[in-house]
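Listed below are the residues making up each chain.
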Amino acid sequence: LPMASKLIFAVATLTVSIASVTGFVPLSLGVIHEVSSPSRSVRFGPLMHPTSLCASRSRCRLFQLSMAETTIESLIEKVKSTPVASKGPDKIFRAIKKANGAPSVCVEYSREPAGQRQKVDFISLTFRRSKAAAIIVDTALPYEGGEQDFADFVKEQKTAKGNFPGPASIVWRGKIKDVDSIAKAALAGASGVALPAEELSEETLAELVHACHALDMEPFVEISDKKHVSAAVAAGARIICIRFTSNAVASFLNYAQIQLRSDIPKECAAVATIAGRQRGLEIEQAQQVLQQGKFDGVLMANFITDAADSMADRYAAYVMREVLSKRSEAFRITEVRGSGGPASAYGWGAGAGKMPPPGFSGEGTHA
């Protein structure tokens, strides 16, 4: 082989060897493939992606799956070899529980249109510019696409690296049952994982919290009962989010959250959950739990469900700005529509001089 080919081969071999030891082999590196030609066999290294050399797409797919399985297995081994008492990162924790005591807002994206992959770049950018403490992406959709949505958010947030504001943390919310699913979230680029304490035993919750810490992710524990708080704290979780599965009226759920707040230790980041897309009521409810319950932050659940909605970014920016605003609640909002006229005040705060958020008509339906 020519000297240049030998050098490429040596570097590629060393790279793959080191990666296999550390337990991570990026797909972009590929492996060493030998391609036959009439005159000689030529070896190609990491400069060419394996998909360009595979004989068929099915073979490439099998190659990628085997690579992913190997990586997940290595991550699971890392969890097993990490001491239980080890602590994980705290970026999301500090973003929620700010040193100056200012409130924070976490936002959730849960796509509704089935079978329609959406471009999330713009709404992801809006979340970042609006100072979201974390972006929760629901991957457990009743149809395919949730994991692709997550990958798209991770990809867009990475474009902000080195800029201000920097990338927002992405939290994986899905069917988390075991360490394998935690490793899958880590492989996808998650900064945190939502753990539903209601669906997990205390032993399993402790195991999953440890797995998050071992893989440099933060557990975002969702609780609905006092006993869940003690289990989460005992497991080492520092972010506690109250999230009820009940369909009771918002006023009752908010009251219950405020009552449960006192059971969350002060050293933890306490998060209340507010349903999004309530024609503006979500703003009042968020302000209520932040002020009366002394929560560190709120999670806007099902905040954006359709990134293709032309009003989605305006709605998100508006609600987040108002929740984080230090101004008095006695303000007047004038929303200018395409016609140039102000929106109707029917619905949200009618009689109080408040207008519906962008994206909501006079009848209260989301645009």
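Let us look at the structure shown here. Nothing here was measured: the structure is a model prediction, and the numbers come from that model.

Taken as a whole, the second largest pocket spans an internal volume of roughly 730 Å³. For the lining of the second largest pocket, the secondary structure elements donating two or more residues are strand 6 (192-196), strand 7 (218-223), helix 9 (250-261), strand 9 (269-275) and strand 10 (297-304). Counted by class, the lining of the second largest pocket contains 13 nonpolar, twelve polar and nine charged residues.

Residues F127, I182, L195 and F303 are the most contacted members of the largest nonpolar core, which totals 69 residues. No other element matches helix 11 (residues 312-324), which puts seven residues into this core. Once you skip the residues sitting within four places of it in the chain, I182 turns out to touch I176, V193, L195, L208, A211, C212, L215 and M217. I92, F220, V271 and L299 belong to the second largest nonpolar core, which has 15 residues in total.

The next thing to look at is helix 11. For helix 11, which comprises 13 residues, the first-to-last C-alpha distance of 18 Å matches the rise-based estimate of 18 Å (1.5 Å per residue) to within 8%. Looking at helix 11, one finds that the buried residues are A312, D313, Y315, A316, Y318, V319, M320, E322 and V323. Those residues of helix 11 hidden inside the fold are in contact with strand 3 (104-109), helix 4 (121-129), helix 10 (281-292) and strand 10.

With that settled, the discussion passes to the pattern of salt bridges. Enumeration over the complete set of coordinates arrives at 16 salt bridges. For E77, the salt bridge is made with K80, and the minimal N-O distance between the two is 3.8 Å. With E77 and K80 both in helix 2 (residues 57-81), this residue pair falls three residues apart, about one helical turn. For R321, the salt bridge is made with E322, and the minimal N-O distance between the two is 3.7 Å. On the accessibility criterion, R321 (49% relative accessible area) is partly exposed. A relative accessible area of 2% places E322 in the buried class. Through salt bridges with shared partners, a single ionic network connects E108, R173, E222 and R243.

A separate point is the packing of aromatic side chains. Taken as a whole, this structure holds five aromatic pairs when the rule is applied. Considering the side-chain rings of Y109 and F153, the 5.1 Å spacing of their centres and the 55° angle between planes classify their relative orientation as tilted. Placement of Y109 in strand 3 and of F153 in helix 5 (residues 146-158) is noted, with a sequence separation of 44 residues between them. Neither residue differs from the other here; Y109 and F153 are each classed as buried. Between F127 and F153, the ring centres sit 6.4 Å apart and the planes meet at 10°, which makes this aromatic pair stacked.

Attention now moves to the environment of D225. With respect to the element layout, D225 can be found in the loop between strand 7 and helix 8 (226-235). Separated by 17 residues in sequence, D225 and I242 have C-alpha atoms that sit 8.3 Å apart. Here K227 takes part through its backbone nitrogen, which lies 3.0 Å from a polar atom of the side chain of D225.

On to the side chain of Q287, then. Residue position: Q287 is located in helix 10. Classification of Q287 by relative accessible area gives buried; the value is 9%. A distance of 3.2 Å separates a polar side-chain atom of Q287 from the backbone oxygen of E322.

Before going further, it helps to spend a moment on the packing of helix 9 against helix 10. Close contact between helix 9 and helix 10 brings their axes to 10 Å; oriented N to C, the two are set at 20°. Considering the angle they form, helix 9 stands roughly parallel to helix 10. Read as a crossing pair, helix 9 and helix 10 show a hand that is right-handed. In this structure, helix 9 uses A250, N254 and I258 to contact helix 10, whose residues at the interface are Q285, Q288, V289 and Q292. Among the residues making up the contact of helix 9 with helix 10, the classes are represented as three nonpolar, four polar and no charged.

Before going further, it helps to spend a moment on the sheet that holds strand 6. Taken in spatial order, the eight strands close into a barrel running 3-4-5-6-7-8-9-10, and their pairing is parallel. When the angles between neighbouring strand axes are averaged without regard to direction, this sheet yields 30°. Packed on one face of the sheet, helix 7 (residues 202-214) meets strand 6 and strand 7 and runs near 150° to strand 7.

Reading guide: rules and limits
- Sequence order sets the numbering: in each chain, residues are counted from 1 along the sequence as written.
- Predicted model: local features are reported for residues with pLDDT of at least 70 only, side-chain atom pairs are reported and counted for 80 or more only, and whole-chain, interface and lining totals are derived from all residues.
- Computation of side-chain values covers all heavy atoms of the structure but excludes hydrogens and water.
- Buried and open spaces are told apart on a 1 Å grid over the protein atoms alone, a cavity being a set of points where a 1.4 Å probe fits but cannot get out and a pocket being an open set with protein on both sides within 12 Å along at least five of seven lines. Residues with an atom within 4 Å of a point are the lining residues.
- Grid points are joined across faces, edges and corners, and a volume is the space filled by probe spheres set on the points.
- A run of H or I in DSSP becomes a helix once it reaches four residues, and a run of E becomes a strand once it reaches two; helices and strands are each numbered from the N terminus.
- Basically, the charged four are Asp, Glu, Lys and Arg, the nonpolar ten are Ala, Val, Leu, Ile, Met, Phe, Trp, Tyr, Cys and Pro, and anything else, Gly included, counts as polar.
- Take the buried residues of types Ala, Val, Leu, Ile, Met, Phe, Trp, Tyr and Cys, join any two whose side-chain atoms come within 4.5 Å, and each joined set is a nonpolar core.
- Only protein chains enter the accessibility calculation, which uses a 1.4 Å probe. A residue is then buried if its area is under 20% of the maximum for its type, exposed if over 50%, and partly exposed in between.
- Contact between two residues is taken to exist if any of their heavy atoms lie within 4.5 Å; hydrogens are not considered.
- A helix is expected to span 1.5 Å multiplied by its residue count minus one.
- Salt bridges are counted wherever a side-chain nitrogen of Lys or Arg sits within 4 Å of a carboxyl oxygen of Asp or Glu.
- Any two of the Phe, Tyr and Trp rings considered here, Trp counted by its six-membered ring, make a pair once their centres fall within 6.5 Å; the pair's planes then place it as stacked at under 30 degrees, edge-to-face at over 60, or tilted in between.
- Residues adjacent in sequence count toward polar contacts only when both atoms are side-chain atoms; beyond that, a polar contact is any pair of N or O atoms within 3.5 Å, and within protein one must be able to donate a hydrogen and the other to accept it.
- Axis angles are defined between N-to-C directions and span 0 to 180 degrees, where every axis is a line fitted to C-alpha atoms and, for a helix, only to the segment in contact.
- Should an angle lie under 35 degrees it is considered roughly parallel, over 145 roughly antiparallel, and from 65 to 115 roughly perpendicular; all remaining angles are considered oblique.
- Handedness of each helix crossing follows the sense of rotation of the near helix against the far helix: counterclockwise by less than a right angle gives left-handed, clockwise gives right-handed.
- By this definition, two strands are paired if DSSP reports at least two bridges between them.

Remember that the coordinates give geometry; whether it matters functionally is a separate question.
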